[in-house]
Amino acid sequence: MSVNSCDIYQQFSDGLVVQTPALNVEWAGIRVCVRSNSNALLDNLADYFSHCLAPPGAASVNAPGKQIDVMAVECDAPNLAFDFQDWRREPGKQGKKDSYIELSDGRLLRKVRTGMVFLQNENYLLAAGPCLANSNQVINFINSQLMNRFQHQGYVICHAAAAKVNGVGLALAGFSGGGKSTLMLKLLDSPNSQFISNDRLFLKQQADGVHALGIPKMPRVNPGTLLNNPRLRELMHEKDRQQFEALAFSELWDLEHKYDVPVDRVYGADRILASTDLLAVIILNWQHESPQPTAIQSVDISSRQELLAAIKKAPGPFYQDAQGGFLQDAIDVNDAPYLRLLENTQVWELSGKVDIEKGVTLIREQLAAEALCHE
């Protein structure tokens, strides 16, 4: 396409009154500087990223020229005369979510539901549209840039939650509706636990084992998770509680109505970590209708490769490699990097009937057994 990123960026930025100061998010040694024409949006983002803000005027931790600069333009949903293509969704996901068009030097993406657009190339990172009403999409865009950097550093993207429990890192991966966020948040009820990530985790082999790195995104969970955790119930309005409590368990479990869990406010600011060394990956391969009791066991991933489907994750339409190239829609996720990583760490399988409380108990018993083995 003949239109380039500079043309589109200038279309939105010309004459724009940018508020000051900028917002600086710092995570895992990388800084993202966010500028906007909306003070309300910057305040919203500052509240969300309060646990990882760099103080104004602080020196950047990045190497020269490596700071990530994002512009967020509050405006009406742009009406762009481009023939956007729908991005193929992963198996099990319904409806249209992302659409895109390739530019001569970048990619323009549009969120189908909200009309938000995102420009991405090596020099310009732009979010434009009703940003304040859709601040979660701006947050995701910021996190996408961090995720790209992690993958440039050799980390492998995983669809998993993670926490540090009793001083060791645990990743939780599950098939659709498996309850990994619910289980992870129950693990956080213990004071000797810390939050790493909700559903995007990055793993890398290091000399002393596998390292796990999260992103600064709070858990987004469905009503059932809040209702079944006394610590979280107050995040839901009373009217919502009454409505959702009237639903059958099966309806409640499958309901898609997301709430953010502000970990730092619910559990404490000292309960969030960017990374940890990884002891084990726990695959939630259990079912609600199973007649078998909930059980946990160690598995050899090389002989149970069907479990890889629970943890594999395509980088998605916002992924841009270190050379500036974008991921293409038709590329499948390769098993090999996941096999190499999981063969160098423990893999535990939770099977049988879905039972969150029992799952927490079994994980803690497994941890205790591991501690005894290493005494």
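Everything below is about the structure shown above.
*Asks:* With reference to specific residues and values, describe the overall build of the protein.
*Replies:* Secondary structure summary: the protein contains 10 helices and 19 strands in total. The C-alpha radius of gyration computed for the protein amounts to 21 Å, which stays within 12% of the reference 21 Å derived for 375 residues, consistent with globular compactness. Projected onto its principal axes, the C-alpha coordinates of the protein cover approximately 65 × 50 × 40 Å. Buried positions account for 51% of the 375 residues belonging to the protein. Accessible area of the protein: about 17300 Å², with a carbon and sulfur share of 48%.

*Asks:* Break down the side chain of D98 for me, citing the residues and quoting the values.
*Replies:* Residue placement: D98 occurs in strand β5 (residues 98-102). The class of D98 is buried, set by a relative accessible area of 10%. Apart from the residues within four sequence positions on either side, D98 is in contact with Q85, D86, W87, R110, K111, V112, P317 and F318.

*Asks:* Let's hear about helix α2 (residues 39-48): which residues, and what values?
*Replies:* If you check which residues of α2 are buried, you get L41, L42, L45 and Y48. Take α2 and look down its axis: the buried residues cluster within an arc of 120°, on one side only. Buried-residue contacts for α2 involve β1 (23-27), β2 (30-36), β3 (68-74), α3 (135-152) and β16 (259-260).

*Asks:* Outline the nonpolar core, listing residues and values.
*Replies:* Residues L45, F150, L172, L183, L201, L350 and I363 are the most contacted members of the largest nonpolar core, which totals 101 residues. Sequence-distant contacts of L45, that is, excluding residues within four places in its chain, are made with L23, V34, S135, V138, I139 and I142. I8, L103, L126 and A128 belong to the second largest nonpolar core, which has 14 residues in total.

*Asks:* So, the packing of aromatic side chains: which residues are in play, and what are the values?
*Replies:* This model, assessed by the stated rule, comprises nine aromatic pairs. Ring geometry for Y48 and F49: centres 5.2 Å apart, planes at 80°, overall edge-to-face. Using a relative accessible area of 12% as the deciding quantity, one classes Y48 as buried. Owing to a relative accessible area of 0%, F49 belongs among the buried residues under this scheme. Aromatic side chains F150 and F202 sit 5.5 Å apart centroid to centroid with 70° between the ring planes, which places their arrangement in the edge-to-face category. Here F150 is found in helix α3, whereas its partner F202 is found in strand β13 (residues 201-206), with 52 residues between them in sequence. Judged by relative accessible area, which is 0%, F150 ranks as buried. Residue classification places F202 among the buried residues on the basis of a relative accessible area of 0%. Grouping aromatic residues by their ring pairs yields a cluster made of F118, F141 and F318.

*Asks:* Can you break down the packing of α2 against α3 residue by residue, with the values?
*Replies:* In contact at an axis separation of 11 Å, α2 and α3 are set at 65° when each is read in the N-to-C sense. The crossing of α2 and α3 is right-handed. Within the contact between the two elements, α2 uses L41, N44, L45 and Y48 and α3 uses S135, V138, I139 and I142. Class assignment for the residues of the contact of α2 with α3 results in six nonpolar, two polar and no charged.

Calculation rules
- Residues numbered from 1 in each chain as written.
- Predicted model: local features only at pLDDT ≥ 70, side-chain atom pairs only at ≥ 80, totals over all residues.
- Heavy atoms only, no water.
- Helix = DSSP H or I, 4+ residues; strand = E, 2+ residues; numbered from the N terminus.
- Rg over C-alpha atoms; globule rule 2.2 N^0.38 Å.
- Buried < 20%, exposed > 50% of the residue type's maximum accessible area, 1.4 Å probe, protein only.
- Areas by Shrake-Rupley, 256 points an atom, 1.4 Å probe, with all protein chains shown as cover.
- Contact = heavy atoms within 4.5 Å.
- Arc of directions from axis to C-beta.
- Core = buried A, V, L, I, M, F, W, Y, C linked by side-chain atoms within 4.5 Å.
- Phe/Tyr/Trp six-rings, centres within 6.5 Å; stacked < 30°, edge-to-face > 60°.
- Axes fitted to C-alpha atoms, helices over the stretch in contact; angles between N-to-C directions.
- Left-handed = near helix turned anticlockwise from the far one by under 90°.
- Nonpolar A, V, L, I, M, F, W, Y, C, P; charged D, E, K, R; others polar.

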